[in-house]
Amino acid sequence: MTLTIPNCPTCQEIANHSVDLAPGKAGLMNQEQGENVDFEYAGDTEIDWDSQTNALLVVLRAVGEVVNAADFILVGCSAGHQWISGVQP
Ligand SMILES: [Zn+2]
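Residues numbered from 1 in each chain as written. Predicted model: local features only at pLDDT ≥ 70, side-chain atom pairs only at ≥ 80, totals over all residues.

Asker: What exactly am I supposed to notice about the overall build of the protein here?
Answerer: Each helix and strand in the protein was counted, giving 1 helix and 8 strands. Its C-alpha atoms give the protein a radius of gyration of 18 Å, more than 25% over the compact-globule value 12 Å for 89 residues. In the protein, which comprises 89 residues, the share counted as buried stands at 8%. Within the protein, contacts between residues separated by at least 24 positions form 54% of all contacts whose residues are at least 6 apart in sequence. (Helix = DSSP H or I, 4+ residues; strand = E, 2+ residues; numbered from the N terminus. Rg over C-alpha atoms; globule rule 2.2 N^0.38 Å. Buried ≥ 20, exposed ≤ 12 C-beta atoms within 10 Å, placed from the backbone. Contact = placed C-beta atoms within 7 Å.)

Here is the structure:
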């Protein structure tokens, strides 16, 4: 792919990653039974890597925007800045 905005608008460094989200199932555990039981995280998380998606698309879908997944991407530089770039095949 080719990024239409390959360099960071803030520091001019070239993009070095896409900002992605992957859903996970974080294990929970409880010590008691019944209502109003306190749960704690068990310390394990199963990541669904097959559902990994660029964060921009996750946000746009959440607000009901219909977008072509191939048109835009949220990318970042090593300094931690993030920006939206167009994508050309
Ligand atoms: Zn930057």
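Asker: What is the right way to look at unusual backbone geometry in this model?
Answerer: Residues other than glycine predominantly adopt negative phi, and peptide bonds predominantly adopt the trans conformation. Notably, glutamine 12 is not glycine yet its phi reads approximately 75°, a positive angle. On the secondary structure map, glutamine 12 appears in the loop between β1 (2-3) and β2 (17-18). For glutamine 12, a count of 8 C-beta atoms within 10 Å corresponds to the exposed category. Within the chain, asparagine 36 stands out as a residue other than glycine whose phi angle is a positive 55°. When you line up the elements, asparagine 36 lands in the loop between β4 (24-30) and β5 (39-47).

Asker: So what exactly am I meant to see when it comes to the pairing of strand β8 (residues 82-88) here?
Answerer: Put simply, side chains in a regular strand alternate between the two faces of the sheet. The sheet contact formed by β1 and β8 spans 2 bridges and is antiparallel. Residue pairing across strands places threonine 2 opposite glutamine 88, the latter belonging to β8. Alignment of strand β7 (residues 72-76) against β8, held across 5 bridges, turns out to be antiparallel. From the neighbouring strand, phenylalanine 72 faces β8, where its bridge partner is glycine 86. Hairpin connection of β7 to β8: 5 residues between the antiparallel strands, including glycine 80 at a positive phi of 95°. (Pairing = 2+ DSSP bridges.)

Asker: It is not clear to me how the sheet that holds β1 should be interpreted in this structure. Could you clarify?
Answerer: With antiparallel pairing, 4 strands are arranged side by side in an open sheet as β1-β8-β7-β2. Edge positions in the open sheet fall to β1 and β2, since each of these has one partner strand only. Two elements, β2 and β7, share 2 bridges in a ladder whose sense is antiparallel. Counted as the bridge partner of histidine 17 is glycine 76 from β7.

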